Amino acid sequence: MLAGLCGGLGAVFGSRCQVLRTEPLPPRAFHAGRQQYSSTEILAGLAARVIPDSSRLVAVTSSDLFVPVLTFVFGEAQLEGRCAVVSTCRLRQEFYGLPADAKLESARLLKETVHELGHTFHLAHCENYECVMAPSHAVEWIDLKSSTFCEACRPRVPS
Amino acid sequence: MPNKANLLIVDDELIVRDSLSKWFHEEGYDVAVAEGAQDALQKMAQRQFDLALVDIKMPGTDGVELQRRMHEIDPDLLVIMMTGYASVETAVAALKNGAYDYVSKPFDPEEMAHTVRNALSHRQAQRENTQLRQTLAAVGGPRELTGQSPEMMRVLEAVQTVAPTEATVLIAGESGTGKELCARAIHAASNRRFNPMVVIHCGALTETLLESELFGHEKGAFTGAQYRKKGSFEMAQGGTIFLDEIGDISLKTQTDLLRVLQEHEITRVGSTQPIHVDFRCIAATNKDLGSLIQEGKFRPDLYYRLNVFQIRLPPLRERKSDIPLLVDVFVRRFSASMNKRITRVSPEAMEQLVAYPWPGNVRELENAVERAMVVAQEPELREQDFSLKLAAPAEASRTLEDAERAHILSVLDECDGNQTRAAAVLDIDRVTLHNKLKKYGWKKVTAEVT
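Per-chain numbering applies: the sequence of each chain, read as written, is numbered from 1 onward. Naming scheme: in the order in which they are written, chains are lettered from A and ligands are numbered from 1. Only residues with pLDDT of 70 or above have their local features reported here, since the model is predicted, and side-chain atom pairs are shown and tallied only from 80 upward, although totals for entire chains, interfaces and linings are computed over all residues.

## A look at the overall build of chain A
Right, so step 1: Helical segments are the DSSP runs of H or I of at least four residues, strand segments are the runs of E of at least two, and each set is numbered from the N terminus. Helix and strand content of chain A: four helices and six strands.
Right, so step 2: If you list the helices and strands of chain A from N to C, you get α-β-β-α-β-β-β-β-α-α.
Right, so step 3: Counting other C-beta atoms within 10 Å of a residue's C-beta gives its exposure: the residue is buried at 20 or more, exposed at 12 or fewer, and partly exposed in between, where C-beta atoms are placed from the backbone. Considering chain A as a whole, with its 159 residues, one finds that 38% of them fall into the buried category.

Right under this line is the structure:
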């Protein structure tokens, strides 16, 4: 799945993408009461790990993520920063009691990753529901949009 | 989507403020945060917010009390209460105190986005509703500049020329010539037509009241200022402000007005915070501003700023060919409102109307038709339905003052000397009528009559 994501990101951003080795999530990011990981805590640890000569670093996890005021988040990005984190937990059909669909999950992961990276380029949510920067507060919203930027957002992403 | 709205997040927990402000920032909103009641009220003093998300449980002043104080400052502010301890009691208390909604932490992202979006749409609809009601009340039905005479064609052409531009317009003309209608026509044909047009009758307000009316005031700025009030320039945001009787404003207000026209920034009375305002200004006067400048009563720099494009509305006596058309418009309007089937005006009556000098211009003609409609027998307005004093002044003297004197005395005579009724017919206040009668030596005239 990560290899597919890499290819998709390369196509959208027109740059090379590489998969690093798997690492455990920082234990301090785990909230026992909520049984979720704090995306903000994960992001805090990522900044120092961006490898030289690379533009962005994205962490992908199968664990469920949250920020303190919200029940969950699909992902989080450092606004004007270089890192983002995305969870596949709620992108899987099984989470909603439906049969697994690997292709759909991959498509959702690509859209959510491009979306979070868009935030690192100062992009806010877009009103065009087909744009990858459209808000996606539920998984159905992710399925509605494409994995690419609309004409208004595209010029603001360096290629 | 009503994004770019200004949100204020009030919560004593840093982590909540940070994560909520980041989340709303990504949503495209302008976000400010406050760690408590004091901080929130200070932020509100500095800028205007559309919506506040307020935590109920905070040390010191709690959210319910803060909401009450916020509404004292800005009654239009939408407040959504947040709590980590959901209970029916607190929800009811918050909603009773005027909160728009109530949400429990942690929020479902979709629900939160939906609640905020709905709240802002609600606010937008409320604003539009208020503006539409104000516009309808001010217009009181479809009225427009009427006329086919060469003089009025020139005016209508000027309106069409200047309307799509952003130029400031000065409308000059005697009382009753339709200066406000002209301003409305400019606004209606401009790109600002879907935004409000705010009308200020400068002559009707004292200097202090005018200042507060134009620029607004902060809560406590003066005795009686119980709430923050937006001024006319803020109310006209995106639209047009019409300053009628501009020749009547004091030199102090002229200075303030000049600054607003130059900078497009106002400062509410009692505040030091400038607010950017987007408006187009149209001013009107029945006075000779040139003479007022000579007398040192009007600032020349303000005059030049206002007089970018001037439209002169001709008095009715200079466009008598429009009288039949105007009478027709008024007859149709009053027939509908009075539920009377008056379908024509007799040739003799029309001849009389065209001959009359109309010192009170179109407004006087409208009043005369209205009075005649009350007494007229269906289906025709006849000469005797009008009580015009044609012997009047026109031939004896052509000065405006004489015409005004004759008209006032004639109306007063019709009203059996009752000044209150006469003032209503003349559409001026009673004090103005009293002063004019004193000036004309009314008592002496009465004595001659009796």
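Next comes the rest of the description.
## Overview of unusual backbone geometry
All names here are of chain B.
Right, so step 1: With an omega dihedral of -10°, the bond running from Lys105 to Pro106 counts as a cis peptide bond.
Right, so step 2: A cis geometry characterises the amide bond from Glu378 onward to Pro379, with omega recorded as 5°.
Right, so step 3: Relative to the assigned elements, Pro379 resides in the loop between helix H15 (361-375) and strand S16 (380-381).
Right, so step 4: The phi dihedral of Asn339 is positive, around 55°, even though this residue is not glycine.
Right, so step 5: In this fold, Asn339 is placed in the loop between helix H13 (323-338) and strand S15 (344-345).

## A closer look at the sheet that holds strand S5 (residues 101-104) of chain B
The strands that make up a sheet pair up through hydrogen bonds in the backbone, lying either parallel or antiparallel.
All names here are of chain B.
Right, so step 1: Two strands make a pair as long as DSSP finds a minimum of two bridges between them. Overall, parallel pairing links the five strands, which are arranged S2-S1-S3-S4-S5 in an open sheet. Looking at strand neighbours, the two that pair on one side only are strand S2 (30-34) and S5, the edges of this open sheet. Here the average twist between neighbouring strands, direction ignored, is 20°.
Right, so step 2: The sheet contact formed by strand S4 (residues 78-83) and S5 spans four bridges and is parallel. Paired with Met81 across the bridge in S5 is Tyr102.
Right, so step 3: Strands strand S1 (6-10), S2 and strand S3 (51-55) of the sheet are contacted by helix H1 (residues 14-27), whose axis makes an angle of about 170° with S2.
Right, so step 4: With C-beta atoms placed from the backbone, a contact is any residue pair whose C-beta atoms sit within 7 Å. Comment: axis = line fitted to C-alpha atoms, over the contacting stretch for helices; angle = value between 0 and 180 degrees taken between N-to-C directions. Sitting on the sheet, helix H2 (residues 37-46) is in contact with S1 and S2, with an inclination near 140° to S2.

## Some words on the packing of helix H8 (residues 207-215) of chain B against helix H10 (residues 251-263) of chain B
Residue and element names in this part refer to chain B.
Right, so step 1: At a closest axis distance of 10 Å, the pairing of H8 and H10 adopts a crossing angle of 15°. Relative to H10, the element H8 is oriented roughly parallel. Note that H8 runs across H10; the crossing there is right-handed. Residues Glu207, Leu210 and Glu211 of H8 lie in contact with H10, whose contacting residues are Lys252, Thr253 and Asp256.
Right, so step 2: Tallied by class, residues from the contact of H8 with H10 come to one nonpolar, one polar and four charged. Orientation labels follow simple angle bins: below 35 degrees gives roughly parallel, above 145 gives roughly antiparallel, 65 to 115 gives roughly perpendicular, and whatever is left gives oblique. Crossings are classed by handedness, with left-handed meaning an anticlockwise turn of the near helix from the far one by less than a right angle and right-handed meaning a clockwise turn. Polar here means any residue other than Ala, Val, Leu, Ile, Met, Phe, Trp, Tyr, Cys and Pro, which are nonpolar, and Asp, Glu, Lys and Arg, which are charged; Gly is therefore polar.

## Some details on the nonpolar core
Right, so step 1: One finds Leu7, Leu51, Ala52, Val79 and Ile80 of chain B to be the most contacted residues of the largest nonpolar core, which totals 74 residues.
Right, so step 2: Take the buried Ala, Val, Leu, Ile, Met, Phe, Trp, Tyr and Cys residues, join any whose C-beta atoms are within 7 Å, and the set you get is a nonpolar core. Of all hydrophobic cores here, the second largest spans 42 residues; its members include Met197, Val198, Phe242 and Leu243 of chain B.

## A word on helix H3 (residues 102-120) of chain A
Right, so step 1: When the terminal C-alpha atoms of H3 of chain A are compared, their 27 Å separation across 19 residues agrees well with the 27 Å that a helix rising 1.5 Å per residue should span.
Right, so step 2: With its phi angle positive at about 70°, His122 of chain A sits one or two positions after the end of H3 of chain A. The span expected for a helix works out to 1.5 Å for each residue beyond the first.

## Details of the packing of helix H17 (residues 419-426) of chain B against helix H18 (residues 430-440) of chain B
Residues and elements named next belong to chain B.
Right, so step 1: H18 packs onto H17 with a crossing angle of 105° between their chain directions and a minimal axis gap of 9 Å. Judged by the angle between their axes, H17 and H18 are roughly perpendicular. Contacts from Gln419, Thr420, Ala422, Ala423 and Leu426 of H17 reach H18 at Arg430, Leu433 and His434.

## What to know about the pairing of S1 of chain B
Residues and elements named next belong to chain B.
Right, so step 1: Within S1, four of the five residues are buried, which leaves it mostly tucked inside the rest of the structure.
Right, so step 2: Examined bridge by bridge, S1 and S2 share five bridges and lie parallel to one another. Within S2, the position partnered with Asn6 by the bridge is Asp30.
Right, so step 3: Between the parallel pair S1 and S2, the chain is carried across by H1, and the sense of this crossover is right-handed.
Right, so step 4: Pairing of S1 with S3, which is carried by four bridges, proceeds in the parallel orientation. Looking at S3, one finds that Val10 is bridged to Val54. By convention, orient the strands away from the viewer: a clockwise path from the first strand over the helix to the second makes the crossover right-handed.

## Some thoughts on the confidence of the model for chain B
Right, so step 1: A residue's pLDDT is the confidence the predictor assigns to it, expressed on a 0 to 100 scale. A residue-level look at chain B finds 92% of positions with pLDDT of 70 or above and a mean pLDDT of 84.
Right, so step 2: The low-confidence segment residues 444-450 of chain B (pLDDT under 50) makes two contacts with residues lying over four places distant or belonging to another chain.

## Notes on the sheet that holds strand S3 (residues 57-61) of chain A
Residues and elements named next belong to chain A.
Right, so step 1: A sheet is described by the order of its strands in space; here three strands give the open sequence S3-S6-S5, paired in mixed fashion. The open sheet has two edge strands, S3 and strand S5 (75-77), and neither has a second partner. Averaged over all pairs of adjacent strands, the angle between strand axes in this sheet comes to 10°, irrespective of strand direction.
Right, so step 2: Across five bridges, S3 lies against strand S6 (residues 83-87) in parallel orientation. Within S6, the position partnered with Leu57 by the bridge is Cys83.
Right, so step 3: Packed on one face of the sheet, helix H2 (residues 39-46) meets S3, S5 and S6 and runs near 140° to S6.

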